[in-house]
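# Survey of secondary and tertiary structure
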Amino acid sequence: MLSVFNILTWLIFVNFGTSVPIKPRIELNLAHVSYEFGSMTPSPTHIPQEMNPRALARRNSTTKYVVAHFMVGNSYPYTVDNWKSDILLAHQSGFDGFALNVGSDSWQPQQVANAYEAAQQSGTGFKLFMSFDMSSLPCSTANDAATLRTYITTYASHPNQLIYNGRVFASTFSGESCKFGQSSVQSGWSTQFVQQLSGTSAVYFVPSFFVDPSTFQSFNGLIDGMFNWNSAWPIQVTTSFAGSLTRLIGQIFPGAASALNPLSSLVGATATDQQYIDALDSMNHQETYMAAVSPWFFTHYSPQTYNKNWIYLSDDHLYAKRWESLIRIRDQVDIVQHLTWNDYGESHYIGPIGGAQPNSQAWVDGFDHTGWLNLTSYYAAAFKTGSYPVITKDQIIMWSRPHPALATAPDPVGQPANFQLTQDKIWAVIMAASPATVTLSTSSTQSQTFNVVAGATKLSLPIQAGGFMRATLQRNGQTVIDLQSQNFTFNPNPPSYNFNAFVVASS
């Protein structure tokens, strides 16, 4: 018999399809959808579900790594001390290293050198590796590959270089069209990059090529694995997709669409992970699978600048649910890469706001995300060890957007694509050392009290114009935490569109 879960499973495979574009097709539907997501009320504590619960082949890796993607292009004013501060914070928060996204700016090699120096000075054993941004770096001639090789040979013997299976670990963003003056992509990367690096500089290559996983076989002998960049978000969930999904469920299960949030089960799903894992397992040797995790996505650039203005669905505790999904399939995942430490332009930064922003100040300044690091340390430990750590200190992490989804603003850039997907809610994760009572409030008349157990509990509450964020945790009649957002009001009349997250956390 068909169920909502069966339909969602089928739809996610059909709609995620087999192509994985760098810039997913944005389907605009600026007419308001005929339902309101904000009216849907999922259960307070959501237990993640597998999109396809079949068993996957266990991978051989014994050591798990959790790394963060660092945009070197946003580090122009950094000193070694700045790098060291970030490295110490990242290490303290459960990260094992940074993937250094390097582009074509002439000053970036010096910042890479500063990063390696800072990592060594930190005394933490924090690892670094190159993630070549092939949307920025040229790759049309053989000489272009020399730049990449120089990065590898320069740091191959550095004590903080990530060495994986005895070789120098390296990755990319994109690169699936690079030929380096050769007849094919396979030949270009093989003859001009991989084959020219030997001995202590031999490379372990796990790129993020945006290609159909069924074509991975064409890279046999070139890649040692693949990084699934777009697995961090449900990227194919657009307003038109959501409308079709809700109508379909409504037709098959009259009344179900109004009682459920059908998109919730797509948040944090592992459908594309399974596609990648199956494709890698079919290759000659067992290849490394690197999955992505991210807490948010919003970018707001005009056509006159970067021409990027959309959101990905990040509601329903995306960060926590994605982590929980990856922990459930950890036997098949070798490395998790967090997107990102400092990509301010796309609003998925988790480190402190610093360095040089790419003209994103309008939606980034004042929107600190470091509260999410409290979740990172918890989930990273569970991924690496296979067991959730015992929580010994009560904590609350809470976030919301700064204005209603349907608010209008005198903003020439316009509303971001897919803005209709997001719900007007506050989201909270309660990390309780023992059972407690938690109350969420968004106004003097809007609050809800929950009984939570020891561990991590995901809660949410609607928020209206003029609302605020407040959460209290009580135990045995005593208030243990009273977390209130400062400098935050859910503004019905925003000066510009901002779908970034405002994150607060208890100390």
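For every chain, the first residue of its written sequence is number 1, and the numbers climb from 1 along that sequence. In view of the model being predicted, local features appear only for residues whose pLDDT reaches at least 70, and side-chain atom pairs are presented and counted only at 80 or more, with totals across whole chains, interfaces and linings using the full set of residues. For side-chain calculations, the full set of non-hydrogen atoms in the structure is used, while hydrogens and water are omitted.

### Topic: the sheet that holds strand S16 (residues 455-462)
In sheet architecture, strand pairing relies on hydrogen bonds along the backbone and comes in two forms, parallel and antiparallel. Following DSSP output, two strands are said to pair if at least two bridges run between them. Secondary structure is summarised from DSSP: a helix means a run of H or I of at least four residues, a strand means a run of E of at least two, and numbering begins at the N terminus for each. Taken in spatial order, the 4 strands line up as S16-S13-S12-S19 in an open sheet, and their pairing is antiparallel. Both outer strands of the open sheet, S16 and strand S19 (502-505), are each paired with one neighbouring strand and no more. The average angle at which neighbouring strand axes cross in this sheet is 15°, direction not considered. Bridging between strand S12 (residues 395-400) and strand S13 (residues 425-432) involves 5 bridges; their strand directions are antiparallel. For helices, the fitted line uses only the C-alpha atoms of the stretch in contact; every axis is such a line through C-alpha atoms, and the angle between N-to-C directions lies from 0 to 180 degrees.

### Things to note about the confidence of the model for the protein
Across the protein, the average pLDDT comes to 89, with 85% of residues at or above 70. Every residue in residues 13-43 is under pLDDT 50, and counting partners more than four places away or in other chains gives 74 contacts. Every residue is assigned a pLDDT by the predictor, reflecting its confidence on a scale from 0 to 100. We call two residues in contact whenever any of their non-hydrogen atoms come within 4.5 Å of each other. Between residues 45-57, whose pLDDT stays under 50, and residues either more than four places distant or in other chains, the model counts 34 contacts.

### What to know about the state of the cysteines
Here, the term disulfide refers to a pair of cysteine sulfur atoms separated by no more than 2.5 Å. The full count for this structure, using the stated rule, is 1 disulfide. Disulfide pairing places Cys139 opposite Cys178 at an S-S distance of 2.2 Å. When the S-S torsion is -70°, as for the bridge of Cys139 with Cys178, the disulfide is left-handed. Of the two residues, Cys139 is situated in the loop between strand S3 (127-133) and helix H4 (142-155) and Cys178 in the loop between strand S5 (167-173) and helix H5 (185-194); the sequence distance between them amounts to 39 residues. The pair Cys139 / Cys178 is uniform in exposure class, with both members buried. Classification of residues uses two cut-offs on accessible area relative to the type maximum, computed with a 1.4 Å probe and protein chains only: under 20% is buried, over 50% is exposed, and between them is partly exposed.

### Brief notes about unusual backbone geometry
For the peptide bond that leads from Leu339 to Thr340, omega is 0°, which places it in the cis range. By the element assignment, Thr340 lies in the loop between strand S11 (335-338) and helix H10 (361-364). For Asn307, which is not a glycine, the phi torsion comes out positive at approximately 55°. As for its placement among the helices and strands, Asn307 is situated in the loop between strand S9 (298-300) and strand S10 (309-311). At Asn476, a position not held by glycine, the phi torsion is positive, near 55°. Structurally, the position occupied by Asn476 is in the loop between strand S17 (470-475) and strand S18 (478-484).

### Comments concerning helix H9 (residues 318-328)
Across the 11 residues of H9, 10 count as buried, placing the element largely inside the fold. Among all positions of H9, only Leu318, Tyr319, Ala320, Lys321, Arg322, Trp323, Glu324, Ser325, Leu326 and Ile327 are buried.

### Things to note about the packing of H9 against helix H11 (residues 373-385)
Axis separation between H9 and H11 bottoms out at 9 Å; the angle between their running directions is 10°. Relative to H11, H9 is oriented roughly parallel. Within the contact between the two elements, H9 uses Tyr319, Ala320, Trp323, Glu324, Leu326 and Ile327 and H11 uses Leu375, Thr376, Tyr379, Ala380, Ala382 and Phe383. Each residue is assigned to one of three groups, with Ala, Val, Leu, Ile, Met, Phe, Trp, Tyr, Cys and Pro labelled nonpolar, Asp, Glu, Lys and Arg labelled charged, and all others, Gly among them, labelled polar. Class assignment of the residues belonging to the contact of H9 with H11 gives a composition of 10 nonpolar, 1 polar and 1 charged. Convention used here: angles under 35 degrees read as roughly parallel, angles over 145 as roughly antiparallel, angles from 65 to 115 as roughly perpendicular, and any remaining angle as oblique.

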